[in-house]
Amino acid sequence: MRILWKPLGFSRRLLQVEWCRPSESVSLSAITRTLVPRLRKAPSVFWLGQRQRFSTMPETEASMRDPELFSPPSGVRGMTELDRTAFKKTVSVPVLKVGKEVVNRLMRALKRVALQRPGIKRVVEDPEDEDSRLIMLDPFKMLSVESFEKAELSALEELNVSPQLSEYNLELTYENFKSEEILRAVLPEGQDVTSGFSRVGHIAHLNLRDHQLPFKHLIGQVMIDKNPGLTSAVNKTSNIDNTYRNFQMEVLSGEEKMLTKVRENNYTYEFDFSKVYWNPRLSTEHGRITELLRPGDVLFDVFAGVGPFAIPAARKNCTVFANDLNPESHKWLLHNCKLNKVDQKVKVFNMDGRDFLQGPVREELMRRLGLPTEAKPSVHIVMNLPAKAIEFLGVFRSLLDGQPSSSERLPTVHCYCFSKDANPAQDVCQRAGDVLGVPLEESSSVHLVRNVAPNKEMLCITFQIPAATLYKTQALSVENPEEPSLKRQRTDDSFSEPQITSDS
Ligand SMILES: C[S@@+](CC[C@H](N)C(=O)[O-])C[C@H]1O[C@@H](n2cnc3c(N)ncnc32)[C@H](O)[C@@H]1O
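Description of the structure in this document. (Residues numbered from 1 in each chain as written. Predicted model: local features only at pLDDT ≥ 70, side-chain atom pairs only at ≥ 80, totals over all residues. Heavy atoms only, no water.)

## A word on the overall build of the protein
If you tally the helices and strands in the protein, you get 16 helices and 19 strands. The buried share of the protein, reckoned over its 504 residues, is 51%. Long-range contacts, defined here as pairs at least 24 residues apart, represent 70% of the contacts in the protein between residues at least 6 apart. Here the protein has roughly 24,300 Å² of accessible surface; of this, 49% comes from carbon and sulfur atoms. (Helix = DSSP H or I, 4+ residues; strand = E, 2+ residues; numbered from the N terminus. Buried < 20%, exposed > 50% of the residue type's maximum accessible area, 1.4 Å probe, protein only. Contact = heavy atoms within 4.5 Å. Areas by Shrake-Rupley, 256 points an atom, 1.4 Å probe, with all protein chains shown as cover.)

This is the structure we're talking about:
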């Protein structure tokens, strides 16, 4: 950013102007039509306060503020390879000349009207007077001296500062434009620009639309340039439909390295973003489930990814069994357990979810069945594979042998799913109940996690597995409707409602 300050010459010309009076025959608009472009072009400073003698001038000047003042030059339209030098532009902004000793106090009072542009200092040296400073003001808020509010004028008066404004030529460069302004100037007019992306460590993860693809490298570079800490931009090239839920991606700009480090809810995770699943939009959900857990509880994380449920749970002194089918997720899960110093509290598996439930989960539940009642903590089973997790619920049918004692704490399942239904909570309840073979409407809660796409929600259904479903002997009884033990067992009153909660 450079400020062009050339006070000489033009002010003399301006003096001549301020004494002239529009004759009857020359309309005011004709004068301003000739004068204003000249004022604009002049690489100089002029005093708006003095010009008030030419009474309608400030208003005319105001109404002629170019709405595109802070847009990049029109020549950048259609650019596909980023040329930062093409963004240079000179604009005229109002400034206030003040003694350097009052600047700090005045800045507080002038917060509302001070110029706010990326990379632009609001206070600069006065090239004419080393004891003065120039405060740059927002040209859209400061149209004339009258634009100051009463409190601002009082502050000026108190500090003995004249409200007289002068005008500067300020050189804007690529650094001084926001990413959205750049993309709006470059992409075809009237088309959506994107500045939205998910941040995954040093990586900006974009999801560009077709019309943006010709500009993909430029968009990626602008995102890197405008967001400190980002050094790589990638674009999703396919929907997540592969088993491991990772993205097919193309590096648009910056580093090829996809090994990254993120912080979520005060935990650190490292992984290769091109090989595992990670979604920063799930941090609230990870936190919500962690909040439900109590020290000593047991957590089975069936689709654990790189550990965002498992690690916080372990840090909360829960016993954790975490599984993921993706060998890369498994590797990073182990790594992250160490990184967060919970490797002693998490047992990590690399199996299909069904095998995990039928193997280690079943074994642990059976083992706990034999423990004295007072030694039994709550058991939670998290199943975050929204496209498929409901199908896995069938595994719970007759999973355990024997019969629960009346005080048995049945495992609580948190199962994630998508729904495009008009009534997503009801839809999810119905589908989960069908797979389990029991109605869940009366004994589950559904939490709206996030809106994934128009008309597509991600939800979490939470319920305790009914004893009649979980135990073989109970399941046998289901076939005999006369048998009293067949009744679905509910041990936790908190699941008595068909309840819907949401993040927002
Ligand atoms: C949507 S991600 C969730 C990861 C993690 N729980 C989170 O919240 O970020 C689903 C995970 O399930 C894993 N996965 C997919 N199919 C699986 C299966 N049949 N058995 C076990 N894990 C599976 C994927 O590798 C992926 O890491």
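Moving on from the coordinates now.
## With respect to the pattern of salt bridges
The final tally for this structure, using the stated rule, is 20 salt bridges. In this structure, the salt-bridge partner of Arg209 is Asp192, at a minimum N-O distance of 3.0 Å. With Arg209 in the loop between β7 (203-206) and α8 (216-226) and Asp192 in the loop between α7 (179-186) and β6 (198-200), this pair connects stretches of sequence that are 17 residues apart. Residue Lys472 pairs with Asp401 through a salt bridge whose shortest N-O separation is 3.0 Å. On the criterion of sequence distance, the pair formed by Lys472 in helix α16 (residues 472-478) and Asp401 in the loop between α13 (389-392) and β16 (412-419) is long-range, its members being 71 residues apart. (Salt bridge = Lys/Arg side-chain N within 4 Å of Asp/Glu carboxyl O.)

## Observations regarding the site of the ligand
The immediate surroundings of the ligand are formed by 22 residues, with His286, Phe303, Asp324, Asp352 and Gly353 found nearest. At a separation of 2.6 Å, an oxygen atom of the ligand approaches a polar side-chain atom of Asp324. For the ligand, an oxygen atom lies 2.8 Å from a polar atom in the side chain of Asn384. Notes on the ligand: free accessible area 590 Å², of which the protein chains cover 97%. Per-class residue counts for the shell around the ligand are eleven nonpolar, eight polar and three charged. No fewer than three residues from each of domain 2 (186-257) and domain 3 (280-502) sit in the shell around the ligand. (Near = heavy atom within 4 Å. Polar contact = N/O pair within 3.5 Å; in protein donor to acceptor, adjacent residues only side chain to side chain. Nonpolar A, V, L, I, M, F, W, Y, C, P; charged D, E, K, R; others polar. Domains from an automatic or database assignment.)

## Side note on the sheet that holds β7
Strand order in the open sheet formed by four strands is β6-β7-β8-β9, with mixed pairing between adjacent strands. Edge positions in the sheet fall to β6 and β9 (249-254), since each has one partner strand and no second. Going across the sheet, the axis of each strand differs from the next one's by a mean of 30°, ignoring polarity. The pairing of strand β8 (residues 232-236) with β9 spans five bridges and is antiparallel. Bridging across to β9, Ser232 finds its partner in Gly254. (Pairing = 2+ DSSP bridges. Axes fitted to C-alpha atoms, helices over the stretch in contact; angles between N-to-C directions.)

## As for the packing of aromatic side chains
Across all of its chains, the model carries ten aromatic pairs by this definition. Aromatic rings pair up to connect Phe300, Phe321, Phe349 and Phe356 into one cluster. Sitting over the ring of Tyr174, Lys226 keeps its end group 4.7 Å from the ring centre. Positioned above the aromatic ring of Phe418, the side-chain terminus of Lys456 is 4.3 Å from the ring centre. (Phe/Tyr/Trp six-rings, centres within 6.5 Å; stacked < 30°, edge-to-face > 60°. Lys NZ or Arg CZ within 6 Å of the ring centre and 35° of its normal.)

## Comments concerning the pairing of β7
Where burial is concerned, the two faces of β7 agree: the one with Ile203 and His205 and the one with Ala204 and Leu206 are both buried. By the bridge criterion, three bridges tie β6 to β7 in an arrangement that is antiparallel. From the neighbouring strand, Val200 faces β7, where its bridge partner is Ile203. Hairpin connection of β6 to β7: two residues between the antiparallel strands, including Gly201 at a positive phi of 60°. Bridging between β7 and β8 involves four bridges; their strand directions are parallel. Residue pairing in the sheet places Leu206 in a bridge with Asn235 of β8. Taken together, β7, α8 and β8 constitute a β-α-β crossover, and its handedness is right-handed. (Right-handed = clockwise from strand over helix to strand, strands pointing away.)

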